[in-house]
Amino acid sequence: EVHMLREALKQETNNRDAIYHKLMKDLQPVNQSKEFDELRTQLKKQVTTLESGLADEIRDRRASETMRDTKEASREADLRSSLNALCQDLSHHKMTAGVTKDDHKNLING
C-alpha cells in the first residue's frame, strides 16, 4: 500500500511538474507578447514619423518643382520678350542705316 501511495505521489508530482512547465511555457509568450507589443508600438511610431517626414518632403519638392517651373516659364518669357525687342531694335537700326546710306549716296551723286 505504501508502495502504491509512493507511485501515486510520484505520478502526481510528475503531472504537476508537467502542468507547471506547460503553464510557464504558455506564459512565456505572454511576457514576450508584451515586449513585442512595446516594440510594435515603437516601430509604428517610427514608421508614422517617417511617413510624415516623407509626405512633408514630397509636398516640399512638389512645391519647389512648381516654383521652379514658374520661374523657368517667367524667365523664358522674359528672354523671348528681350529677344523680340532686340530684333526690333536691330531691324530699326538696319532700316536707319539703309536710309542714311541712301541719303549719303544721293547727296554725293546728286
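Heads up: the structure comes first, above all this text.
Not measured: the values here are computed from a predicted model.

Colleague: So what's going on with the environment of A8? Residues and values would help.
Modeller: Residue position: A8 is located in helix α1 (residues 2-109). The spatial distance from the C-alpha of A8 to the C-alpha of R40 is 47 Å, given a sequence separation of 32 residues.

Colleague: Describe in detail a nonpolar patch on the surface, supporting the description with residues and values.
Modeller: Together, F36, L39 and L43 make up an exposed nonpolar region whose accessible area comes to about 290 Å². Position of F36 relative to the elements: it lies in helix α1. Classification of F36 by relative accessible area gives partly exposed; the value is 47%.

Colleague: Any chance you could break down the environment of S52 for me, citing the residues and the numbers?
Modeller: By secondary structure assignment, the location of S52 is in helix α1. With a relative accessible area of 38%, S52 lands in the partly exposed category. Residues S52 and E38, 14 residues apart in the sequence, show an inter-C-alpha distance of 21 Å.

The rules behind these values
Residues numbered from 1 in each chain as written. Predicted model: local features only at pLDDT ≥ 70, side-chain atom pairs only at ≥ 80, totals over all residues. Heavy atoms only, no water. Helix = DSSP H or I, 4+ residues; strand = E, 2+ residues; numbered from the N terminus. Patch = residues over 30% accessible without salt bridge, like charges linked within 9 Å, V, L, I, M, F, W, Y side chains within 5 Å. Areas by Shrake-Rupley, 256 points an atom, 1.4 Å probe, with all protein chains shown as cover. Salt bridge = Lys/Arg side-chain N within 4 Å of Asp/Glu carboxyl O. Buried < 20%, exposed > 50% of the residue type's maximum accessible area, 1.4 Å probe, protein only.

So far we have only geometry, and geometry alone does not tell us how the molecule works.
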